[in-house]
Structures are given as structure tokens and as C-alpha cells.
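One letter stands for each residue in the lines below.
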Amino acid sequence: MSLDFPLQRVLRTTEVHIKKLNILGIRTVRDLLEFFPRATESTEITANFQNITMGAKNTVSGILCDVRQEKTARGETITKAALILDGAVTLEVVWFQTPYILKNLKDESQVFLVGKVDRTYGKVQILNPEVHLNRNVHVGKLRAIYPESPPLTSKWFREKIAGLLLLAKDFVEILPSEILEAENFISKKEAVKQVHAPDNMEMWQKARDRLAFEEIFVIQTRVMREKFLREQDAQNPYLVKFDAEQVKQDLKKIPFQLTTAQKKCLLIILKDFERDRPAHRLMQGDVGSGKTIVSFLSALPILRSGAQVTFLAPTEILAKQHFRSALKFFNPEFSVELLTGSVTLSNKKKIKGKLKNGDIQILIGTHAILTADTEFKNLGFAVIDEQHRFGVEQRSRLQKNHTHLLAMTATPIPRTLALTIYGDQDLCRIDELPPGRKKIITRVISDTKTITKMNLFIDDQIGKDHQIFWVCPLVDESDKIEAKNVKEEFDRIANEVFPKRKVEFLHGRMKGKDKDAIMEKFKNKEFDILVSTSVIEVGVDIPDATVMVIENSERFGLAQLHQFRGRIGRNEFQSYCFLMVGKKDDAQKERLKALERSNDGLYLSEIDLKLRGMGELYGTRQSGLPDLKCADLTDLDLLQSTRDWAINILKQDLTLKKFPALKEKVESSEVYF
Ligand code: ADP
Ligand code: MG
């Protein structure tokens, strides 16, 4: 038998159990042994009454006698027995359900019971205890407690894993020996054994620490290796000297003053262009913080030196928006073109031809740019807007040899992620909004009286020629959670709530073209209220929108809601965000109230991370991190030390040939970013 054996061949268990395991991604012996317990509990045996802790779970041993069934006053059948401890003290044992195990039990046999012991009506009782006939994996010492999902109980895991634990010896050591020594770690085999069947609390903790380290270390090694390899391959960056006088001139040409944060980021990016390797930077800034102008200004020196620049946007409408701004900003000095999916084939060909011979200096577009036949004469700088909407693959296609890369995102990046999956990128942050923006007034709303008031208020806003975003969570047919369907909601809002106002709707299953058309009409103020799913196009500017209503807001993470509301408040008027809570759920209301208080995306994302984990922030796939089994992502010390070690090891051997087991693990680990 080996670690790679499929479980259905080695376990004696039911089809239902196997199915559930598969859902959890547990298929082989290795998977099962790497399914780590979340906690432990002591089942040290007490035979003496004095040693029992009242009001707590105890493991007691004694002689069971007088097993009998009784009817309660309510007519339910219960099982009772007496357990005689050392010194002839008797505990009363009560089972509310009749345990099948009692059938095999002879009166006056020795048993081990695990359950809560308490005083009730003057008697000392143990309630609903587990029964064990001998010392086994469940009683006698520390036992593991697993994340349970029926029918997989901790008892089931303990028994099945105990039967396979011998195979822990086949686990290969992944950590280089110098790390094991320096950090005083136990071996992998030992760690796997001790985490499932710990000798004592200290060993369990040691096992956890070591396994957590390995988990994060592999991610760090993978991310940092990618960075070092990239830098090795691209030794000849497109060099542009930083010219402070020129920057001053450029800044005079724009109609407003950059914020300090914008200036800081601009300088950092321009300095990237004179380093010994191509830039690979991620610029984060809340919605409306003014990332676009920073990217435009950074492009100028590249263009002046004769190289080309490209701007990528995730949607056609955004690309068009950038195109219009770019025409204003760069024309007539530099030629700008737009390349999206809806450009005709012959025009595409023309554009690509001009791009190849250098007649086009700036190309703005969508994924359509990323086809194999798009050739630049000399691409010096690529900007990717809303970078999480592009895959790694797609991004790397732009970064051939010397091209500088600037990705932009409104998604906040907590320190934990900056230290892990974003560890290979340089980060900079625009952490302030342009002056004059009013703080969006945000209210959590749940009762009908307030909803009526809100609707009157909204009608008043429309009367002032303002526009409204009305967001309801996307519901697809398979989605069982009770939430409102966009179409239904649209009908209700258009016909019942605001019959005199013009309402349109938008959802994710509409064609890109139709979506763009609706957004275009909204922008041109052809209607008042846009009812949409959460797909409302990122980044699209609707200057006169002052209200955003978000239904079932409890279904979103705080950072996500914060990004939604960033789409309003882009003008001199006061803007409002109403967070409607579907269910009367006080905990949810409390969570959402953070949005009433705070306007800081990073702070909100950190609350999310604590409360709801990674998936909430980025979507599980986008989060880049596989499900962590042991490691705690908020453990900054662990993140830092794993990162330092990863760099240390990679500096010794970037190929990892000296560390074959690590190499294999790193190359097979699933990290998306
Ligand atoms: P985002 O960071 O969300 O992409 P944009 O780049 O679209 O934000 O900028 C939002 C709006 O703010 C634009 O209309 C832009 O012209 C304007 N803007 C950007 N920077 C400033 C500034 N320093 N002062 C005033 N307005 C600014
Ligand atoms: Mg933007």
C-alpha cells in the first residue's frame, strides 16, 4: 500500500462516506493523512471521583451495572445505568437515545465513558456519554478533533486515520534540512503522526507549527521563485531616465493638482523605469482615487523616448472610457488607437499593421489585444486596469523581455496578502481621494418604515436630476438562497415603487454589447434608476449618480460593498449608500455597520479577512491561496519567516535541483494570482 492509493480501495466504509470525502477533495491515503484536525481534547481517564471536573467533559472508567430502560414523564424512552468508580462511588448514567452499543454490553463490565458530568437534583450524573469497552484511539490520552461534516465525524476520522497512520513514514521531507535544524522542527513523518495522534499537547503544537510552516513556505517559495526567474530572464529593461523638470512640466498640463498619494505613486513608477530590471508593479487605490491619470502620466517618458504603450481594460465600455480620456490627454502629440472585440476584422488588421510598424504609439483595448497576432514594434510599458479580471497567463503575455508592467486594482491588499501571493510584485498605494469628495453617507436599513422613507428620499434625489444604482445579488437557477431576482425586482421598482421614473436593468447574463449599451444610456442620463446585479461594470464613471441601494447586502463582504459604493459620489453633491438587510439578523447588521463608520477599504478588507476568510475578499479562485489546512493567515510572523527562508533557499539554488522534494511540491502547488 502507498500514500497514493485511492481510499475506496483501502477503507472499509460506506459509499456515502466516500462521496463526502471526495467532495472535500480527499481521495487518496495521502489526502486523508493531510486532513488535519482543528483541535484536540484530553480523554485522560479518571477512575476516582475526586478527580472528576464537575460541569465539564470527563473520561471516567468503572463498572457499568443496572442498565435499564425507563419512561420519562413525557413518555420518552431513556436508558439509565449506574457506573461504579474506585472507592465504590456511583455515578448515574443517562442516555436520552438508547445507544445500540448497550446491546453488546454485559452487566458488570468494565467501560470507559466520555461525557459531561454534572450535579442534577443532588445526584452526580454523566449525560449521553460515549461508551468504549477498552482503551482505544478515543480514550486514554489526547485525541484529535476534526472539522466534521456528516456523516464524517471525528470518531470516524480518528478510527480510519489510526488504521493508516503507519504510512506516515512514507511522507517525504520537503523542508531543507537547514530549516529543520535552524527552526528546531520535527520531521514531516513525525508531524503527521503527532498531529493525528499526539503524545501530548506540546507535541501536537510542535506538529501544527511545523505543518503550518511548510504550507506557507511552499507558497512563498513558489511566488518568490517566479519573481526571481522573471528577473533573471529580463535583464535588459527598457531604460528611461527620470527627469524631474519634465515631470513638473507634465503636471502643469493637467486641469487639477495630483493628490500627494498620486504624486508619490507616480514618482515610484517613474523610478522603476531606471532600475536594472523591468517594473512589475501593482498599484492599489480605492475606486475614484485617480489611478488612470497616474498611469497616463507615467506613460509620457516612455512615449517620448520612442517606445509604445498599451492600456488594457477588462470590458469594452471601460476601454472606450479610457480611450476617450487618452485622446484628450495624449493627442495630438501621440497617436492613440482602440482595439476591442467589436472592431471589424479589416480594421483590426489595419490597426495591427500600424502597430507593428510603429505608426500607433498608444493602443487601448480589451482582451482582444492579447491575441497571438498582435505585435508591437517596441512595447515599453503595459498598463492593466482591474488586474484581477485578467489571468496570470494573459498578463505575462504582455511582459516580454523588457516591457515594464503596471497593474492597477481597486481591491485592497491586506498585509497578509502583500506578504504572500503578492509577494513577487512591488506594491504602491493611492491612499487618499482627490479633495472635495464628500464622504458617502451610508446607512444599514432593515425595517419597512425606513424603507418607505428611503424611497421618498430617492424620488426626491431623482427630482434633483440625480441618478440611482440599485444592486441586487445575482441569482442563478441553482441558487437556493432566497434573494431577489433582478428581473422581478426591476418590475417591482419600475411599476410599483417608482412608476413615474425611468428604470432599466442589467445583469451578468446579458450580452456584452447590450450591457455596454445600457451603461452608455445611463451615462447619457436617458434613465434614472439602474437595477442590476453585482456585475455593474467596474470603473465606469456615472458622474450624476448620488444614491446606491444594495439589497441583501449581508451576502457581500465589506470590501466588496465598499467597492460598489465607490461608484457614486464622483461629483460635488452629497451621495448616499443604503445597505438593505434581507433577514432580521443582528450580527449581520452589526458587521455592516462598519461601513457606516469607516471609509477605509483596507481596514474593511481586514475585517473581512478575519470574519469571513479569503474567499469573501477575492472569490476563492481569485484569492490565489489554496485552502489552508494548518496555517493562520493572520500570523504575520509566520508569513515573514517563511518568506525570509524562501528567499534564502532560492538564493542558494534558484533551480531547486538541490532540493528535489521541495521542487516537486512547489511546481505542483496550485497558486493562482
Ligand atoms: P480610479 O482610481 O477609480 O480608476 P479614475 O482614475 O477613474 O479613478 O478617477 C476618477 C475621477 O477623478 C476622474 O474623473 C479623474 O479625472 C478625477 N481625478 C483624478 N485625480 C484627481 C485629482 N487629483 N483631483 C481631482 N480629480 C481627480
Ligand atoms: Mg479605474
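Note that the structure is a prediction, hence the values are computed from the model and not measured.

What surrounds ligand 1 is a group of 16 residues, the closest being Gln257, Gln262, Gly288, Thr292 and Arg437. Note that a nitrogen atom of ligand 1 is positioned 2.8 Å from one of the backbone N or O atoms of Gln257. Here Ser289 contributes a backbone N or O atom positioned 3.5 Å from an oxygen atom of ligand 1. Protein coverage of the free-state accessible area of ligand 1, which is 570 Å², stands at 78%. Per-class residue counts for the shell around ligand 1 are four nonpolar, seven polar and five charged.

In the contact formed by helix H10 (residues 291–304) and helix H11 (residues 316–330), the axes pass within 11 Å of each other and the chain directions differ by 50 degrees. When the axis of H10 is compared with that of H11, the two are oblique. For H10 against H11, the interelement crossing comes out right-handed. From H10, Thr292, Ile293, Phe296, Leu297, Ala299, Leu300 and Leu303 reach across to H11, where they touch His322, Ser325, Ala326, Phe329 and Phe330. When the residues that make up the contact of H10 with H11 are grouped by side-chain class, the tally is nine nonpolar, three polar and no charged.

The subject of this paragraph is the packing of aromatic side chains. The geometry of an aromatic ring pair comes down to the distance between the two centres and the angle between the two planes. Inspection of the entire model under this criterion finds 19 aromatic pairs. With 5.4 Å between their ring centres and 85 degrees between their planes, Trp156 and Phe157 make a pair best called edge-to-face. You can call Trp156 buried: its relative accessible area is 9%. Between Phe490 and Phe505 the ring centres are 4.8 Å apart and the planes differ by 50 degrees, which places this aromatic pair in the tilted class.

The subject of this paragraph is the domain arrangement of the protein. Domain parsing of the protein yields domain 1 (1–42 + 150–169), domain 2 (44–140), domain 3 (244–274 + 290–409) and domain 4 (441–598). The interface of domain 1 with domain 2 comprises six residues on the first partner and six residues on the second. Where domain 1 abuts domain 2, roughly 520 Å² becomes buried across the two surfaces, and 47% of that area is made up of carbon and sulfur atoms. A per-residue breakdown of the area domain 1 buries against domain 2 is headed by Glu41, Ser42 and Arg158, which together make up 66% of the total. At the boundary of domain 1 with domain 2, the tally comes to one salt bridge. Where Lys57 meets Glu41, a salt bridge forms, and the shortest distance between an N and an O atom there is 3.3 Å. Where domain 1 packs against domain 2, one counts four residue pairs in polar contact (both at pLDDT 80 or more). Elements with a contribution of two residues or more to the side of domain 1 that touches domain 2: strand E1 (39–42) and helix H4 (154–164). If you tally residues by element for the side of domain 1 that touches domain 2, the top one is H4, at four residues. Tallied by class, the residues present in the side of domain 1 that touches domain 2 amount to one nonpolar, one polar and four charged.

How each quantity is defined
- Residues numbered from 1 in each chain as written.
- Chains lettered and ligands numbered in written order.
- Predicted model: local features only at pLDDT ≥ 70, side-chain atom pairs only at ≥ 80, totals over all residues.
- Heavy atoms only, no water.
- Near = heavy atom within 4 Å.
- Polar contact = N/O pair within 3.5 Å; in protein donor to acceptor, adjacent residues only side chain to side chain.
- Areas by Shrake-Rupley, 256 points an atom, 1.4 Å probe, with all protein chains shown as cover.
- Nonpolar A, V, L, I, M, F, W, Y, C, P; charged D, E, K, R; others polar.
- Axes fitted to C-alpha atoms, helices over the stretch in contact; angles between N-to-C directions.
- Helix = DSSP H or I, 4+ residues; strand = E, 2+ residues; numbered from the N terminus.
- Parallel < 35°, antiparallel > 145°, perpendicular 65-115°, else oblique.
- Left-handed = near helix turned anticlockwise from the far one by under 90°.
- Contact = heavy atoms within 4.5 Å.
- Phe/Tyr/Trp six-rings, centres within 6.5 Å; stacked < 30°, edge-to-face > 60°.
- Buried < 20%, exposed > 50% of the residue type's maximum accessible area, 1.4 Å probe, protein only.
- Domains from an automatic or database assignment.
- Buried area = accessible area lost by both parts, 1.4 Å probe.
- Salt bridge = Lys/Arg side-chain N within 4 Å of Asp/Glu carboxyl O.

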